[in-house]
Amino acid sequence: MGADHSSKIVGTVWGLLVLNTLGSAGAQTIVPLPRSLIQMVTMGALVAAFTLALAVNLELRIRSSAYVSLLTLLLVTSVISSANLGSGFGALFRCARLALFVGTLWLLSRWWDGGLTFVRHHIRMYFAVLGSVAAGLVVSPGAALPDLYGGRLVGDLWPLTPPQIGQYTAVIIGLTVLLVLGRRTDRTSAAVVIVPSVILLALTHTRTATLGLLLGLALAIGSLILTSAAARRFFAWAVLCAAVAAVAFSSALQAWFLRGQSQENFSNLTGRAKVWDALLAAPRTTWQQLFGMGMGDKSFGGLPIDNSWLAVYHEQGLIGIALVAAIIIVLGGVALLRPPSLPRACAIFLISYCAIASYTETGLGDASPYLLHLALAASLLAAPAAATPLSTPEAPLRRISQWTRKSEVS
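This report concerns the structure included in the present document.

So, the nonpolar core
Membership of the largest hydrophobic core comes to 99 residues, with the highest contact counts inside it found for Trp 14, Tyr 67, Leu 105 and Leu 178. Setting aside chain neighbours within four positions, we find Leu 105 in contact with Trp 14, Leu 17, Tyr 67, Val 68, Leu 71, Trp 112, Leu 372 and Ala 375.

Put into structure tokens, the structure is as follows:
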């Protein structure tokens, strides 16, 4: 199979993984879509992704990856916690989904070489998803900005919540900015991605995504300051513009940030703190503390948990928390040990964003966009694969090498 053909299939597999992690719950769509149909599409995408990845990697050539190894251990923990069916048969279904997700990442690890190929796949696919959001906004503004969500932007063609849209916009904005600073894309192409994404992010009023974008970019650009003049200039201008905006538009920024909420509602994180306190106060056996209650829908008492660490504790126990923490620590440690480079900066942005978002969003313990973002970070931190020597006699190899050197000199 040709290299170009394999590359296209790998890009398709990555796109199918993105489609699978979009989820099946969200806003009301213009054309009502049964949840069963949406789940069929997302699960079908995952099965197709695994099948294509297996077809393009029939030799089962994989690269060692601490990230995917830890995910595999998390999968084992999830199966153990779900085996008693405390969360119903749905728990085993979610374990099967996570198994296919992890298996697909193992098959794709063959192409993880520290390059930016998967970054481009990531940006293209999420930009296409945001295109559907923008189209829905144009077709039916009322449905895209419903009162049910306080006038925040939702997906009304495909059911997407404001936090989901905010996450997707923040991630592709950050990655595109870094590609511009690294001169891996032109400014016109970058503007086509960044400008509409910023508008969509503002319409979602998503505080977590905004803070994750700003802090993640600050850390990523900071890792390039010593080696990139463009990064130094961008950082200086960004600080200046932020200072001016903070002074000139302070009241407008405060109103956007509060989203019309009272100070009390804002201080308890829109009711999240009450759910967290109840979850931590619930009685558990030693087994449940260690392994959790089994894979569920990331809710407690019928209310969303909205915290990755507490969701993992609830479903996969303290062992699950230890594994997720190990994932963040290992990826962050490897990123810090790598020499300054654009792939390293992109990885730092993704790791930082996921760590920040984990405080008010779930996803670090199940197949989700956050695990896909971290998989992208792992691919960026992978060492380039060693070239495979050709099985040809030494003499011709020496002649080819000499001819190449002469050509380079001339």
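Some remarks on helix 7 (residues 162-181)
Spanning 20 residues, helix 7 covers 29 Å between terminal C-alpha atoms, matching the ideal 28 Å at 1.5 Å per step. The buried fraction of helix 7 amounts to 18 of the 20 residues, a majority that puts the element mostly inside the structure.

Remarks on the packing of helix 5 (residues 117-139) against helix 7
The N-to-C vectors of helix 5 and helix 7 enclose an angle of 135°; their axes lie 10 Å apart at closest approach. Relative to helix 7, the element helix 5 is oriented oblique. Considering only the axes of helix 5 and helix 7, their crossing is left-handed. Mapping the contact onto sequence places Val 119, Arg 120, His 122, Ile 123, Tyr 126, Phe 127, Val 129, Leu 130 and Val 133 in helix 5 and Ile 165, Tyr 168, Thr 169, Val 171, Ile 172, Leu 175, Thr 176 and Leu 179 in helix 7. Its residues placed into classes, the contact of helix 5 with helix 7 shows 13 nonpolar, three polar and one charged.

Comments concerning the pattern of salt bridges
What the rule picks out here adds up to four salt bridges. Between Glu 59 and Arg 110 there is a salt bridge whose closest N-O contact spans 3.2 Å. Of this pair, Glu 59 sits in the loop between helix 2 (35-56) and helix 3 (66-82) while Arg 110 sits in the loop between helix 4 (89-108) and helix 5, and the two are 51 residues apart along the sequence. Judged by its relative accessible area of 23%, Arg 110 falls in the partly exposed class. When the shortest N-O distance is used, the salt bridge between Arg 272 and Asp 306 registers 3.4 Å. Of this pair, Arg 272 sits in helix 13 (residues 272-281) while Asp 306 sits in the loop between strand 4 (303-304) and helix 15 (308-337), placing them 34 residues apart in sequence. Taken together, the shared-partner salt bridges connect Lys 298, Glu 315 and Asp 366 into one network.

Here we look at unusual backbone geometry
A positive phi angle, close to 60°, is found at Arg 183, a residue other than glycine. Notably, His 205 is not glycine yet its phi reads approximately 55°, a positive angle. In this structure, His 205 sits in the loop between helix 8 (187-204) and helix 9 (207-222).

Observations regarding the side chain of Thr 42
Relative to the helices and strands, Thr 42 resides in helix 2. When sequence neighbours within four positions are dropped, the list of residues in contact with Thr 42 reads Leu 19, Asn 20, Gly 23 and Trp 158.

Things to note about helix 13
It helps to recall that an α-helix has 3.6 residues per turn; residues three or four apart then point in one direction. Of all the positions in helix 13, only Arg 272, Val 275, Trp 276 and Leu 279 are classed as buried. Buried residues in helix 13, looked at end-on, bunch into an arc of 100°, giving them a common side. Opposite the buried face of helix 13, by more than 90 degrees, sit the exposed residues Lys 274, Asp 277 and Ala 281. Considering only its buried residues, helix 13 is in contact with strand 3 (299-300), strand 4 and helix 15.

Overview of a nonpolar patch on the surface
The grouping of Ile 30, Val 31, Leu 33, Leu 37, Met 40, Val 41, Val 138, Val 139 and Leu 157 at the surface amounts to a nonpolar patch, some 800 Å² of accessible area in total. At the level of elements, helix 2 and helix 5 are the ones that each hand at least two residues to the nonpolar patch. Looking at the nonpolar patch, the element that brings in the most residues is helix 2, giving three residues. Along the chain, Leu 37 falls in helix 2.

Cut-offs and rules
Residues numbered from 1 in each chain as written. Predicted model: local features only at pLDDT ≥ 70, side-chain atom pairs only at ≥ 80, totals over all residues. Heavy atoms only, no water. Core = buried A, V, L, I, M, F, W, Y, C linked by side-chain atoms within 4.5 Å. Buried < 20%, exposed > 50% of the residue type's maximum accessible area, 1.4 Å probe, protein only. Contact = heavy atoms within 4.5 Å. Helix = DSSP H or I, 4+ residues; strand = E, 2+ residues; numbered from the N terminus. Expected span 1.5 Å × (residues − 1). Axes fitted to C-alpha atoms, helices over the stretch in contact; angles between N-to-C directions. Parallel < 35°, antiparallel > 145°, perpendicular 65-115°, else oblique. Left-handed = near helix turned anticlockwise from the far one by under 90°. Nonpolar A, V, L, I, M, F, W, Y, C, P; charged D, E, K, R; others polar. Salt bridge = Lys/Arg side-chain N within 4 Å of Asp/Glu carboxyl O. Arc of directions from axis to C-beta. Patch = residues over 30% accessible without salt bridge, like charges linked within 9 Å, V, L, I, M, F, W, Y side chains within 5 Å. Areas by Shrake-Rupley, 256 points an atom, 1.4 Å probe, with all protein chains shown as cover.

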